[in-house]
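Each chain, letter by letter, is given below.
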Amino acid sequence: MSTTVAPDDKREVRKANKVAASDRSKAENNLGMKLVAPAIFLMLLVTAFPMLRALYLSLFDYSLTSPEEREFLGLANYWTALTDPLFWETTLNTVFIMVVTVAFELVIGFAFAMVMHRVIFARGIIRTSILIPYGIITVVSGFAWQFAFSNNNGFVNAWLPFVEDGFNWFGQYGSAMAAIMVSEIWKTTPFMSLLLLAGLAQVSEDMLEAAKVDGATWWQRLWKVILPNMRSAIMVAVLFRALDAYRIFDNIYVMTAGAQGTESISFLTYRQVIEQFQLGIGSALSVLLFISVLIIAFLIVKIFRVDLASARQEG
Amino acid sequence: MSAKNKIGIVVGAVLILVWCLLPVAWIISLSFKSQAAITNGSPGFFPSEGGGAGWQNYRDVLADDQFLRAILNSIGISLIATLLSVIIATLAAYAVARLEFTGKKFVLTLALVIAMFPVVSLVGPLFDMWRTFGIYDTWPGLIIPYMSFTLPLAIWTLSAFFREIPWEMEQAAQVDGATSWQAFRKVIVPLAAPGVFTAAILTFFFAWNDFVFGISLTSTENARPIPAALSFFVGSDPFNRPASLLAAGAVVSTIPIIVIVLLFQRKIVAGLTSGAVKG
C-alpha cells in the first residue's frame, strides 16, 4: 500500500538527516509532546492517580461512616478478601460469564459476519440494525431481558416449549445466570460481528477461489483459508470482549442485583465501596480486580500470541 | 452463487434482523401495556385485549421531573464530554499519526491499558477524591471520568484515520501558493473531518451508556444521568418495577441513539472497525 510506504520512507529519510536537522526534529519532538500532554494528563488523573490512591487506602481499615477510626492494617485487607469464599465465588462467576458469553459471541458473531459479508440486498438495513444493540444503553437492554424472562410479564416462558409457564427464571442460580448471559450476549454480539466482518474483508477472494478450484469443501475453506487469515482480527476481538465481559456490572445490577449468587467481582467491589462505604477493603478488592484483568490480558496475549503492535501497524 | 446459498443468506439476514430488533420491539410493546395489566401479570409479547395503555405511559414519564432532569443531564454531560474529549484526542492523534516524538509509545500503551481498565476499581478512590475536590454529584464530576475513558477510543480511531490522510497534499497546496493555514484548513480539515465526526459519535455512545460512574459519582438529580435514573426509577426492589412506565422511559432514552445510528450508520461501522482492528 502506497499510503503506508510513504510515511515510512519519510521516517527513514528523517532518521538519516537526524544530525543535520536536529533543530527541526527537536521542534517536532516538542510539538508532539505538547499535543499529547492534555490527553495524558487527563488519562492519568482519572486512572493512575486513583489507582495509586486505592493501593494506599487498601492498607487501612477505613470506613467512610467512621473516618476518624482509620487504622493501618498492612496487607490484612488482602488476606481477608482472599480467604473469603465470597471473593472466590464472585470471581468464578465472572470467569464463567466471560468464557460462556465470549464463546457464544464468537460463534454467533462469526455467522453474522459471514452473512453480512455475502449479503447483497438490504445491506444498509442490516448494518443499521446491527448497530442498535451496540448503541442501546446496557441498563435498558437489561430491563428488556429481565421483563422478557419475568414469569409475570414476559414472553420467554410462553415462547419456549420446554419451559413451564410459571417458571421463575430468577428463582435459582443457573437460570438467573442464563438470563444475565442472554442479555450480555444480545448486546455485544453485534460489536463482535462488526470486528469479524472487518477481518473477513481482509481475506483474499483469490485465495478462496483457488481453494475452490482445487476442490476444497466449504468446511475446508473455512478452516484452512478463512480462519487462519483472520487470526489477528479474531484475537483482537476476543481480547477486547473478554476484558469487557470480565467487568460485567450493569446487567447484574439491573436483572438480579446479585441475588441467587449471581454477583460478579465488579458488583462485589461496588457494594463494598459505594453501598457500605468500606473504602479499605473495597480498595483492596479494586486492586485485586485490576490485577486479575492484567492477568487475563497477559494470558490471552500469551496463549493466542496476539501481536497488538503489528495489528496496529497494519493500518 | 447456488440457490441453496442464496436461501441460506436470506435466512441468515432475517435472523440477524430478528436478533437485533426483537428486544427493541418487545420494549416498545411493553411501553404500550397498561400498568394495571402489568401488575396483574400480562405474559405475552403484545398487549392483550383491554391491557393497552396507548400513550399514557409516555405522558406519565414525560411529566416526571426527575426523568426529564436525568435526560437533560445526560444530554448535557455527554455532549460536553464528547466535545472536549474529541478536541483533546484530535491533538493527540495528530501528533501520534504525523510526528516523531518521545513518549509516542507511552500514549498508545496508556490508551490501551485504560481501554481495558475495570471501571469499578476506580469508583472508590474517585468517590473519595471528588468529594475532596467538591465536584462529587456535579456535571464536571462525571464529564472528567467520561473524557478520560473515551479518550483511548477516540485517539485510536482518529490516529487510524489520520494515518490514511495523504499529508503531502498540504505541502503541495503550499507550493501552489497557499499559506500554511490555508493549506491546513482547505486540504487537511475536510479530509480529517469524517474521522473526527466518527470519533465524536462513538464517544457520545460511551458517555450516554455509562452506568457505573453514573450511579457512584452522583447522589441527587443534580447530575444523575439517564441510565442511573432508570435504575432508580422505583425503589430498591428489583423484582417489582412498574415495567410499562420504565419501558416508556427506556424508549425515550433510546431515541437519540436510534436517530444517530440511522443518520450515521456508515461512519460508525468504519470507525468501530478501523479503531479496533486496524488500530
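Here the structure is shown first, and the text comes after it.
Computed from a predicted model, the values in this text were never measured in an experiment.

Conventions used here
Residues numbered from 1 in each chain as written. Chains lettered and ligands numbered in written order. Predicted model: local features only at pLDDT ≥ 70, side-chain atom pairs only at ≥ 80, totals over all residues. Heavy atoms only, no water. Helix = DSSP H or I, 4+ residues; strand = E, 2+ residues; numbered from the N terminus. Buried < 20%, exposed > 50% of the residue type's maximum accessible area, 1.4 Å probe, protein only. Contact = heavy atoms within 4.5 Å. Areas by Shrake-Rupley, 256 points an atom, 1.4 Å probe, with all protein chains shown as cover. Lys, Arg positive; Asp, Glu negative; His and termini not counted. Charge placed at Lys NZ, Arg CZ, Asp CG, Glu CD. Rg over C-alpha atoms; globule rule 2.2 N^0.38 Å. Expected span 1.5 Å × (residues − 1). Bend = angle between axes of the 7 residues up to and from the residue. Phe/Tyr/Trp six-rings, centres within 6.5 Å; stacked < 30°, edge-to-face > 60°. Buried area = accessible area lost by both parts, 1.4 Å probe. Salt bridge = Lys/Arg side-chain N within 4 Å of Asp/Glu carboxyl O. Polar contact = N/O pair within 3.5 Å; in protein donor to acceptor, adjacent residues only side chain to side chain. Nonpolar A, V, L, I, M, F, W, Y, C, P; charged D, E, K, R; others polar. Patch = residues over 30% accessible without salt bridge, like charges linked within 9 Å, V, L, I, M, F, W, Y side chains within 5 Å. Core = buried A, V, L, I, M, F, W, Y, C linked by side-chain atoms within 4.5 Å. Axes fitted to C-alpha atoms, helices over the stretch in contact; angles between N-to-C directions. Parallel < 35°, antiparallel > 145°, perpendicular 65-115°, else oblique. Left-handed = near helix turned anticlockwise from the far one by under 90°.

When helices and strands are counted, chain B shows 12 helices and zero strands. The linear arrangement of helices and strands in chain B, starting from the amino end, is α-α-α-α-α-α-α-α-α-α-α-α. Taken along its principal axes, the extent of the C-alpha atoms in chain B is 75 × 65 × 35 Å. In chain B, buried positions account for 57% of the 279 residues. Considering only contacts in chain B between residues 6 or more positions apart, those separated by 24 or more positions represent 73%. For chain B, the accessible surface area stands at approximately 11,400 Å², while carbon and sulfur atoms represent 68% of it. Charge centroids of chain B, computed over 17 positive and 14 negative side chains, lie 10 Å from each other.

Counting secondary structure elements, chain A contains 15 helices and two strands. Over its C-alpha trace chain A gives a radius of gyration of 25 Å, far above what one expects of a compact globule, namely 20 Å for 315 residues. Taken over 315 residues, chain A has a buried fraction of 52%. Long-range pairs, those at least 24 residues apart, make up 67% of the contacts in chain A with a sequence separation of at least 6. By element, 65% of the accessible surface of chain A is carried by carbon and sulfur atoms, the whole surface being about 14,700 Å².

Glancing now at helix 6 (residues 120-133) of chain B. Over its 14 residues, helix 6 of chain B runs 20 Å from end to end, which matches the ideal 20 Å to within 8%, given 1.5 Å per residue. The sharpest bend along helix 6 of chain B reaches about 30° and sits at Leu126 of chain B. Restricting attention to buried positions, one finds in helix 6 of chain B the residues Val120, Ser121, Leu122, Val123, Gly124, Pro125, Leu126, Phe127, Asp128, Met129 and Trp130 of chain B. Elements in contact with the buried residues of helix 6 of chain B: helix 2 (22-57), helix 13 (265-275) and helix 14 (279-304) of chain A together with helix 7 (139-164) and helix 10 (212-216) of chain B. Immediately beyond the C-terminal end of helix 6 of chain B, within one or two residues, lies Gly134 of chain B, with a positive phi of roughly 75°.

Moving on, we get to the packing of aromatic side chains. Residues and elements named next belong to chain B. According to the stated counting rule, one finds 37 aromatic pairs over all chains in the structure shown. Each ring, one from Trp130 and one from Phe133, has its centre 5.8 Å from the other, and the planes form 35°; the classification is tilted. Taken together, the positions of Trp130 and Phe133, both in helix 6 and three residues apart, correspond to about one turn of that helix. Of the residues examined, Trp130 reaches a relative accessible area of 0% and is grouped as buried.

Quite often, the size of an interface is put as the accessible area lost when its parts meet. At the junction of the two partners, chain B supplies 106 residues and chain A supplies 104 residues. Of the roughly 9,500 Å² buried where chain B meets chain A, counting both sides, 77% is carbon and sulfur surface. Counting across the chain B and chain A interface gives one salt bridge. The partner of Arg53 of chain A in a salt bridge is Asp128 of chain B, and the shortest N-O contact between them spans 2.8 Å. At the junction of chain B and chain A, the tally comes to nine residue pairs in polar contact (both at pLDDT 80 or more). Looking at side-chain class alone, the side of chain B that touches chain A contains 76 nonpolar, 19 polar and 11 charged residues.

Note on placement: Phe127 of chain B falls in helix 6. With 10 residues separating them in the primary sequence, Phe127 of chain B and Asp137 of chain B have C-alpha atoms 9.5 Å apart. Apart from residues no more than four positions distant in its own chain, Phe127 of chain B is found in contact with Leu64, Ile274 and Phe277 of chain A together with Tyr136, Ser216 and Leu217 of chain B.

Residues and elements named next belong to chain A. As for its position among the elements, Gln272 is in helix 13. Classification of Gln272 as buried rests on a relative accessible area of 14%. Apart from the residues lying within four places of it in its own chain, the contact partners of Gln272 are Phe277, Gln278, Ile281, Gly282 and Leu285.

On to a negative patch on the surface. Residues Asp61, Glu68, Glu69 and Glu71 of chain A make up a contiguous surface patch of negative charge. Locating Glu71 of chain A in the fold gives a position in strand 2 (residues 71-72).

Let us now look at the nonpolar core. Phe110, Ile226 and Phe249 of chain A together with Phe162, Phe205, Phe213 and Ile268 of chain B are the most contacted members of the largest nonpolar core, which has 194 residues in total. It is helix 12 (residues 243-278) of chain B that provides the largest number of residues to this core, a total of 14 residues. Apart from residues lying up to four places away in sequence, Phe110 of chain A is in contact with Glu105, Leu196, Leu200, Leu222, Ile226, Leu227 and Met230 of chain A.

Next up on the list: unusual backbone geometry. One non-glycine residue, Ala257 of chain A, adopts positive backbone phi at about 55°. The class for Ala257 of chain A is partly exposed, based on a relative accessible area of 37%.

All names here are of chain A. Across the interface, helix 4 (residues 85-118) lies against helix 8 (residues 173-201) with an axial gap of 5 Å and an inter-helix angle of 40°. By the angle between their axes, helix 4 is oblique relative to helix 8. Once helix 4 is placed against helix 8, the crossing between them reads as right-handed.

Quick look at the pattern of salt bridges now. Tallied over the entire structure, the rule returns nine salt bridges over all chains. One salt bridge in this structure joins Arg118 of chain A and Glu205 of chain A, with 3.8 Å as the shortest N-O distance. Of this pair, Arg118 of chain A sits in helix 4 while Glu205 of chain A sits in helix 9 (residues 205-213); the two residues are 87 residues apart in sequence, bridging distant segments of the chain. By relative accessible area, Glu205 of chain A is classed as partly exposed at 39%. Measuring nitrogen to oxygen at the nearest pair gives 3.3 Å for the salt bridge that ties Glu170 of chain B to Arg98 of chain B. With a gap of 72 residues between them, Glu170 of chain B in helix 8 (residues 168-175) and Arg98 of chain B in helix 4 (residues 65-98) connect regions that are remote in the sequence. For the residue pair Glu170 of chain B and Arg98 of chain B, the accessibility class agrees, reading buried in each case. Among the charged side chains, a salt-bridge network with shared partners connects Glu105, Glu184, Arg241, Asp244 and Arg247 of chain A.

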